[in-house]
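As a plain string of letters, each chain reads:
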Amino acid sequence: MKRIITLTVLNRPGVLNRITNLFSKRNYNIESISVGHTEQEGISRITCVVNVENDGIIEQITKQLNKQVDVLKVADISDQAVVARELALIKVQAPPQTRNEIYSLIEPFRASVIDVGKESLIIQITGESEKIEAFIELIKPYGIKELARTGTTAFPRSSQRLNSAKNYSIV
Amino acid sequence: MLQEAAFTEVKAEKQTANGADLLLDSLKKEKVEVIFGYPGGAVLPIYDKIYDCDIFHVLPRHEQGGIHAAEGYARISGKAGVVIATSGPGATNIVTGLADAMMDSLPLVVFTGQVATGVIGTDAFQEADILGITTPITKYNCQVRNIEDIPRIVKEAFHIATTGRPGPVLIDFPKDIAAGTGEAPVDPEISLPGYQPTIEPNYLQIRKLTEAVSRAKKPVILAGAGVLFAKASHLLQEYAQQQNIPVVNTLLGLGSFPASHPLSLGLAGMHGCYTANMALYECDLLINIGARFDDRLTGNLKHFAPNATVAHVDIDPAEIGKNVPTAIPIVGDAGEALKMLIKQEGKKPEHSQWMEKLEGWKKEYPYWYEEEGSVLKPQRVMEMLYEQTNGDAIVVTDVGQHQMWAAQYYPFKNPDRWVTSGGLGTMGFGLPAAIGAQIAEPSARVVAVLGDAGFQMSTQELAVIRELNLPVKIAIFNNQSLGMVRQWQQIFYEERYAHSKIPSQPSFVKLADAYDIKAYQITSEAEAKEILEQVMENDEPVLLDFRIAENENVYPMIAPGKGLHEMVGVKK
Ligand SMILES: Cc1ncc(C[n+]2csc(CCOP(=O)(O)OP(=O)(O)O)c2C)c(N)n1
C-alpha cells in the first residue's frame with residue numbers, strides 16, 4: 001500500500017543524502033520524493049511516497065526517520081484527509097492531424113499547454129498522482145516523447161472529517 | 001565611546017584563532033584525555049598544533065587499529081573515544097570501526113582530514129567522499145564549512161555521540177579550515193532542535209509492566225548493553241531481587257547482572273546456555289531491558305518467545321517492535337525505567353514452579369566439554385584465565401570461537417569488564433580494543449583473548465603495547481584455523497574445509513620477540529598453570545600462544561534458521 005510521509009528537516013548539507021540513504025539501507029521502497037523550502041528559513045519539507053507491505057514497516061520507517069539528528073518532524077499523513085499534488089510535464093507528439101484531439105483531452109483534466117512545437121506539445125498537468133496517471137494513459141497512444149514528474153507533495157487538510165479515512169480532492 | 005564598549009564586549013565572547021587551535025581547545029573543553037590519531041597531508045595543520053598540545057596522543061600502526069582502540073576506550077571509560085585520521089585512505093581505513101561502533105552503540109567522535117574546500121569534488125589527491133561513505137554507519141556526520149562553527153560543531157558532536165543511544169559521529173575537516181584563522185564564539189550554544197532523546201519513560205507503560213509482572217507465571221528479564229550504558233546494573237539487581245525475576249544476558253549485556261547471582265541464568269543466543277535459551281522460549285512475560293533482539297540472540301523469530309507478553313525498555317524507540325511484536329513499549333533510559341519500576345513495589349509474581357524448573361535446568365545442563373588427555377582444551381584455558389584473574393579482569397576478545405568460549409567460561413561479576421565486537425563481528429578488533437581498554441583503566445588487568453587468525457589482522461598494534469608499556473596479557477587461542485568458519489564447514493558444509501585451515505603461520509613467540517614483548521608457547525595444562533602464575537600478576541605485557549585442540553567446536557549451538565529450543569550439543 002502507498003503511504004505519504006512528510007518530514008520537516010533542518011536544511012543542512014547532506015540531510016537529503018541521509019534520508020535517501022536510510023531508505024536504501026533499510027530496504028524500503030520510495031515511490032517518489034520531493035523537497036523544497038518552507039515558509040521558515042533554514043527549514044525544508046520533504047514529502048515521500050512509499051510502497052509498503054504492512055503497517056509495521058511504515059512504523060519502522062517513521063521511527064528511523066525521526067531518529068535522524070536533522071529531522072525535526074515526521075508524519076505519516078496517509079490516514080488523514082489530505083490535499084496531495086503532483087506536477088507532470090509531458091512532451092507528446094502532436095502533428096496537425098491529432099493536435100485537436102489532444103487539446104480536447106487536455107481541457108477536462110485542467111491541464112495546459114505550455115510549449116508548442118511543429119510536431120510536438122509540452123503539456124503541464126497538476127493533481128493527485130492517480131489523475132496524472134489517468135491522463136498519461138490517455139495521452140500515451142499519441143506518442144509520449146518525454147515525461148517528467150515531480151513526485152507528490154502533500155498537506156493534511158485544515159479540517160479533518162472524523163469518520164472518513166481517506167478523502168482525496170477531486171481536482 | 002559607546003561603540004568601543006560594544007566592541008570590547010564582543011571580543012570577550014569570541015576568540016581569534018586558527019581552525020586547528022579551535023579544534024584542540026574544543027577537545028580540551030570536552031575533557032578529552034586521549035586521541036587515537038594518525039597523521040597525513042590533510043591533517044598536518046592539526047598535527048602541527050598537536051605538537052604543542054598536552055592531550056595524550058596514541059599513534060596506532062593502522063587507522064583501523066586506532067578506531068578499535070578508541071572503541072575499547074569508550075566501552076570501558078564511558079566517554080567518547082576520539083580519533084583523527086587523514087583524508088582519503090586514512091579516512092577509508094576507519095570505515096570498519098565506524099560500522100562496528102554504530103552496531104554496538106559506542107560513542108566515538110572521529111575527525112577526518114579533507115582536501116581544501118576549493119578542490120572538493122575535483123578528485124584531488126587523497127580526496128574521498130567520506131560523508132557519503134559513512135552516512136549509513138554514523139549516528140551523525142558533517143563537514144566543517146566555516147571556521148567560526150568549529151566550537152559549536154565539536155560540542156554538538158560530543159553531545160550526540162554520548163547521549164541517547166550512543167554512537168559514532170564523524171566530522172570532516174577540510175585542510176584550509178584547519179589552517180585558516182577566524183573568529184569564533186568561546187562558549188557556543190548547541191543547536192540541535194531535531195535531537196531530543198527521551199530519557200524519562202511513560203508512567204502508564206511502567207504501570208502496565210508492573211501489572212503484567214504481578215500476573216506472570218513465568219517471567220524473565222533479558223538484560224542487554226543498554227543497562228551498561230545507563231550505568232544501571234545495581235538498579236537491575238535491585239529490581240530483579242525485589243520482584244524475584246530471573247535474568248538472562250545478551251552477549252553485549254554480559255556483566256550487567258552478576259553471573260554468580262542466584263537469579264542469573266547466563267548467556268542467551270546462538271551459543272548461549274540451555275537454561276537461558278529455554279527460559280526465553282518458555283517464558284510468559286519477557287522484559288527486555290536495553291537489548292535489540294538481534295538475530296543471533298533470537299534465532300528464528302517464528303519460534304521466539306511464542307507464549308510471551310513482551311515488554312521492551314529502550315532509549316531508541318526505533319528498536320521497539322522492530323523484530324519482535326511488543327505489547328508494552330517503554331521508551332527511555334534503562335536506569336530511569338528501573339528506578340520507576342522499583343518504586344512501584346508491585347506485587348511479586350507467583351512463579352515457584354517456574355523457578356524450580358529453571359534451577360533444574362541449571363543443574364542438568366551446564367556448559368560442558370570433554371577432556372582429551374594432554375590436549376589443551378580452550379574451555380579449560382578460559383577457566384584458568386578466570387581463576388588467575390579472580391574473575392575481575394577486563395576481558396577483550398576478537399571474533400570467533402574463542403569469543404564464545406570467553407563469553408561462556410568467564411562469568412563476569414561486575415559491569416563494564418567485557419569488550420567484544422557483537423553486532424558487526426569484526427575480526428581484528430580484539431588487540432587494539434584491549435589497548436584502548438588498558439588506556440582507559442591503567443590499573444586494571446586487561447586480558448586480550450584472540451584467535452590466531454584475528455590476531456593476524458591487527459598484529460602491528462603490538463608496537464603500541466610495547467611503546468606505551470601497556471601490561472596487556474595477550475592470550476592467543478591458536479587452533480591453526482579460522483575456527484568458527486571451520487566449525488560451520490564441518491557442520492553445514494560436509495567438512496569441506498575451504499580456506500579455513502591456515503596453511504602456514506609465523507612463530508608468534510618470535511614475532512612478539514621482534515616487538516620486544518615476552519612470549520610463551522603453551523601446549524599443556526601444566527605449562528599453562530606454571531606460566532600464568534608467573535606472568536599474570538606482573539606489569540609487563542605478555543603474549544601467550546596457547547596451542548589448543550584444533551577441532552574443538554563451540555556448544556551448545558543453534559543452527560541458523562532454528563529456534564532457541566532447537567539447540568544442539570547441550571550435553572556431553
Ligand atoms: C573481518 C572479518 N572477516 C571475516 C570474518 C568471518 N569470520 C568469523 S569468525 C572467523 C574465524 C576466526 O578465526 P580465529 O581468529 O582464529 O578465531 P577462532 O574462531 O579460531 O577462535 C571468520 C573468518 C569476520 N568475522 N570478520
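Residues numbered from 1 in each chain as written. Chains lettered and ligands numbered in written order. Predicted model: local features only at pLDDT ≥ 70, side-chain atom pairs only at ≥ 80, totals over all residues. Heavy atoms only, no water.

Turning our eyes to something else, we now look at helix α8 (residues 150-162) of chain B. Here α8 of chain B contains 13 residues, and its C-alpha end-to-end distance of 18 Å stays within 8% of the 18 Å for a straight helix at 1.5 Å per residue. Gly164 of chain B, located one to two residues past α8 of chain B, shows a positive phi value of around 60 degrees. (Helix = DSSP H or I, 4+ residues; strand = E, 2+ residues; numbered from the N terminus. Expected span 1.5 Å × (residues − 1).)

So, about the interface of chain B and chain A. Many structure descriptions define interface size as the accessible area lost when the parts assemble. Facing 23 residues of chain B, the contacting portion of chain A comprises 18 residues. Summed over both partners, the interface of chain B with chain A comes to about 1600 Å²; 48% of that surface belongs to carbon and sulfur atoms. In this structure, Lys67 of chain A engages Asp316 of chain B in a salt bridge whose closest nitrogen and oxygen atoms are separated by 2.6 Å. At the boundary of chain B and chain A, one finds 12 residue pairs in polar contact (both at pLDDT 80 or more). Put simply, the parts of the chain that give the side of chain B that touches chain A at least two residues each are β6 (140-143) and α8 of chain B. Of the residues forming the side of chain B that touches chain A, the biggest block, three residues, is contributed by α8 of chain B. Taken together, the residues of the side of chain B that touches chain A break down into 10 nonpolar, six polar and seven charged. (Contact = heavy atoms within 4.5 Å. Buried area = accessible area lost by both parts, 1.4 Å probe. Salt bridge = Lys/Arg side-chain N within 4 Å of Asp/Glu carboxyl O. Polar contact = N/O pair within 3.5 Å; in protein donor to acceptor, adjacent residues only side chain to side chain. Nonpolar A, V, L, I, M, F, W, Y, C, P; charged D, E, K, R; others polar.)

Moving on: the UniProt feature "domain: ACT" (unreviewed entry) in chain A. Mapped onto this numbering, the UniProt entry annotates "domain: ACT" (unreviewed entry) at residues 4-79 of chain A. Secondary structure within residues 4-79 of chain A divides into 32% helix and 41% strand; the distance between the first and last C-alpha atoms comes to 9 Å. (UniProt positions renumbered as here; feature names shortened; annotations may be inferred.)

Of all nine residues that make up helix α18 (residues 401-409) of chain B, nine are buried, and the element is covered over most of its length. Regarding α18 of chain B, the residues found buried are Gln401, His402, Gln403, Met404, Trp405, Ala406, Ala407, Gln408 and Tyr409 of chain B. (Buried < 20%, exposed > 50% of the residue type's maximum accessible area, 1.4 Å probe, protein only.)

All names here are of chain B. Taken together, the side chains of Ile491, Phe492 and Tyr493 define a hydrophobic patch exposed on the protein surface, amounting to about 280 Å² of accessible area. Secondary-structure assignment places Tyr493 in the loop between α22 (483-492) and α23 (508-514). In this structure Tyr493 comes out as exposed when scored by relative accessible area, which is 52%. (Patch = residues over 30% accessible without salt bridge, like charges linked within 9 Å, V, L, I, M, F, W, Y side chains within 5 Å. Areas by Shrake-Rupley, 256 points an atom, 1.4 Å probe, with all protein chains shown as cover.)

Our next topic: the sheet that holds strand β2 (residues 29-37) of chain A. Residues and elements named next belong to chain A. The strand order across the open sheet formed by four strands is β2-β3-β1-β4, and the pairing between neighbours is antiparallel. Of all the strands in the sheet, just β2 and β4 (71-76) have a single pairing partner and so form its edges. Taken pair by pair, the neighbouring strands of this sheet meet at an average axis angle of 15 degrees, ignoring direction. Where β2 and strand β3 (residues 43-51) come together, eight bridges link them in antiparallel fashion. Of the residues in β3, the one forming a bridge with Ser34 is Thr47. (Pairing = 2+ DSSP bridges. Axes fitted to C-alpha atoms, helices over the stretch in contact; angles between N-to-C directions.)

Residue and element names in this part refer to chain B. On the basis of which strands lie adjacent, the open sheet formed by six strands has the order β11-β10-β9-β12-β13-β14 and parallel pairing. At either margin of the open sheet sits one strand with a lone partner, and together these are β11 (264-267) and β14 (328-331). Sheet twist, expressed as the mean angle between neighbouring strand axes with direction ignored, is 15 degrees. Of the strand pairs in this sheet, strand β9 (residues 219-223) and strand β12 (residues 285-289) are connected by five bridges, and their pairing is parallel. Bridge pairing links Leu222 to Asn288 in β12. Sheet strands in contact with helix α10 (residues 203-215) are β12, β13 (309-314) and β14, and its direction is about 135 degrees off that of β14.

Residues and elements named next belong to chain B. Across chain B, pLDDT averages 96, with 98% of residues at or above 70. The low-confidence segment residues 1-11, where pLDDT is below 50, has two contacts with residues more than four positions distant or belonging to other chains. ipTM for the predicted complex: 0.89, alongside a pTM of 0.94. (pLDDT = per-residue confidence, 0-100.)

This next bit is on the pattern of salt bridges. For the structure on display, the rule yields 37 salt bridges over all chains. Of the charged contacts in the structure, one is a salt bridge between Asp70 of chain A and Arg12 of chain A, with a shortest N-O distance of 3.5 Å. Residue Asp70 of chain A is found in the loop between α2 (55-67) and β4, and its partner Arg12 of chain A is found in the loop between β1 (2-10) and α1 (15-25); the two are separated by 58 residues along the sequence. In this structure, Lys362 of chain B engages Glu359 of chain B in a salt bridge whose closest nitrogen and oxygen atoms are separated by 3.5 Å. Placement of the pair is Lys362 of chain B and Glu359 of chain B together in helix α16 (residues 352-364), with a separation of three residues, close to one helical turn. According to the relative accessible area criterion, Glu359 of chain B is partly exposed, its value standing at 34%.

Residues and elements named next belong to chain B. According to the stated counting rule, one finds three cavities of 30 Å³ or more in the structure shown. Of the volumes computed, that of the largest cavity is approximately 90 Å³. Forming the walls of the largest cavity are Arg75, Asp104, Leu106, Ala225, Leu228, Phe229, Leu252, Trp418, Val419, Thr420 and Phe429. At the level of elements, α11 (225-229) and β16 (418-419) are the ones that each hand at least two residues to the lining of the largest cavity. Of the residues forming the lining of the largest cavity, the biggest block, three residues, is contributed by α11. Of the residues in the lining of the largest cavity, the class split is eight nonpolar, one polar and two charged. (1 Å grid on protein atoms, 1.4 Å probe; cavity = no way out; pocket = protein on both sides within 12 Å on 5 of 7 lines; lining within 4 Å. Points joined across faces, edges and corners; volume = space filled by probe spheres on them.)

A few words on the domain arrangement of chain A. Residues and elements named next belong to chain A. Domain parsing of chain A yields domain 1 (2-76) and domain 2 (83-153). The gap between the C-alpha centroids of domain 1 and domain 2 is 29 Å. Listed by partner, the interface residues are six residues for domain 1 and five residues for domain 2. Between domain 1 and domain 2, the buried area comes to about 420 Å², and carbon and sulfur atoms account for 48% of it. It is Lys2, Ser34 and Thr47 in domain 1 that bury the most area against domain 2; as a group they hold 57% of the surface buried on that side. At the surface where domain 1 touches domain 2, the tally comes to zero salt bridges. On inspection of domain 1 and its partner domain 2, the count reaches three residue pairs in polar contact (both at pLDDT 80 or more). Secondary-structure elements contributing two or more residues to the side of domain 1 that touches domain 2 are β2 and β3. Sorting elements by how many residues they give to the side of domain 1 that touches domain 2 places β2 first, with three residues. Of the residues that constitute the side of domain 1 that touches domain 2, the class distribution is three nonpolar, three polar and no charged. (Domains from an automatic or database assignment.)

Residues and elements named next belong to chain B. As a structural note, the neighbourhood of the ligand is formed by 16 residues, with Gln401, His402, Gly425, Gly454 and Gly483 the closest of them. At a separation of 2.8 Å, an oxygen atom of the ligand approaches a polar backbone atom of Gln401. Starting from 580 Å² of accessible surface for the ligand in isolation, the protein chains cover 77%. Within the residue set of the shell around the ligand, elements represented by two or more residues are α18, α20 (452-455) and α22. Among the residues making up the shell around the ligand, the classes are represented as six nonpolar, nine polar and one charged. (Near = heavy atom within 4 Å.)

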